[in-house]
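Understanding the architecture of this molecule
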Amino acid sequence: MRKMLQTVWLSVVLLLVCLSSTGFGTAQDAGGLHLYQGIPMEGTTPDTVSQILLENLNAVFEVSEVVWSGKAYDIKDSGYEWNLQADFDENYIGINRILLNSAQPARMSADEFPARVQSDFLQFLDVEARLTALYGEPDSRYFYTVHDPDGKTRKYMLQGGVWALEPMLNVCEQDHWFWAYSLWGNVLLKAWVDRDNTNTLGQCLSRVMLYYYPDLKTADGILAVAIGVYPPDGRE
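No experiment lies behind these values; they were computed from the predicted model shown.

1. A word on the pattern of salt bridges
Tallied over the full model, the rule gives six salt bridges. We note a salt bridge from R97 to D87, for which the minimum N-O separation is 3.1 Å. Taken as a pair, R97 in strand β4 (residues 95-102) and D87 in strand β3 (residues 80-88) lie far apart in primary sequence, 10 residues in all. Between R141 and E128 there is a salt bridge whose closest N-O contact spans 2.5 Å. Placement of the pair is R141 in strand β6 (residues 140-145) and E128 in helix α3 (residues 113-135), with a sequence separation of 13 residues. We note that R141, like E128, is buried. Here the salt bridges do not stand alone but share partners, grouping E128, E137 and R141 into one network.

Here it is as structure tokens:
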């Protein structure tokens, strides 16, 4: 029954992606970079970011007076609410990174954790489908987890090379700590799940994050690391 629901849900997602705007802005700049809402990376100031976010998303951008950064809260894009952070280079000129976090609290109780993880994974799958419609197939899909007795973190991907809800939930049930990524050049989509490293209130962590970087250096480093097939050595 669970697999049948997953298949139906994926079909609905693909249909919605085809029928609706993918959101997230322009496909690429002249330099080959993907841009969030058309925000240029080079030479950009907080005023430029503020104007674009207000015009495109009716979002207010608040600049920090302590660090070269600014934030916009509860912005609505592609069917979800996000908190956006734009980090600038020296003197607030040029974008160093744009980060969108899913707007709901990243921490929740152990009782709320299973439902929240499934909800976040569904959002991750939906956003990945939308970004794929906009940018093409990802350059890489992979995740990090601790699966071996030596306690080391390793890079894996599911058998078949594509994300699916059931196998992602199975990894989290076995390994408890899970960072999933899809990469398109300078764009990185992440799902972060951590059941074991709770805060002082005993709350677990689950969140969806979307990064836009000003160059392809991040992609070069990621693609240089080999990906193993999960589970390793035929273990279940």
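The rest of the description comes next.
2. Thoughts on helix α4 (residues 165-175)
For α4, the complete set of buried residues consists of L165, E166, M168, L169, V171, C172 and D175. Note on α4: the residue one or two positions beyond its end, H176, has a positive phi of about 70°.

3. Here we look at the environment of R107
On the secondary structure map, R107 appears in strand β5 (residues 107-108). Separated by 95 residues in the primary sequence, R107 and G202 have C-alpha atoms spaced 9.3 Å apart. With residues up to four places along the chain from it excluded, the contact list for R107 reads N197, T198, N199, Q203, C204 and L205. At 3.2 Å, the side chain of R107 and the backbone oxygen of N197 are in polar contact. Within polar-contact distance, the side chain of R107 engages the backbone oxygen of Q203 at 3.0 Å.

4. Considering the pairing of β4
Across a regular strand the side chains alternate sides, sitting on one face of the sheet and then on the other. Burial analysis of β4 places six of its eight residues in the buried class, which makes it a mostly covered element. Looking at chain direction, β3 and β4 are connected through seven bridges and run antiparallel. The residue of β4 that forms the bridge with A86 is I98. By the bridge criterion, four bridges tie β4 to strand β10 (residues 204-212) in an arrangement that is antiparallel. The residue of β10 that forms the bridge with I98 is Y212.

Reading the values: rules and limits
Residues numbered from 1 in each chain as written. Predicted model: local features only at pLDDT ≥ 70, side-chain atom pairs only at ≥ 80, totals over all residues. Heavy atoms only, no water. Salt bridge = Lys/Arg side-chain N within 4 Å of Asp/Glu carboxyl O. Helix = DSSP H or I, 4+ residues; strand = E, 2+ residues; numbered from the N terminus. Buried < 20%, exposed > 50% of the residue type's maximum accessible area, 1.4 Å probe, protein only. Contact = heavy atoms within 4.5 Å. Polar contact = N/O pair within 3.5 Å; in protein donor to acceptor, adjacent residues only side chain to side chain. Pairing = 2+ DSSP bridges.

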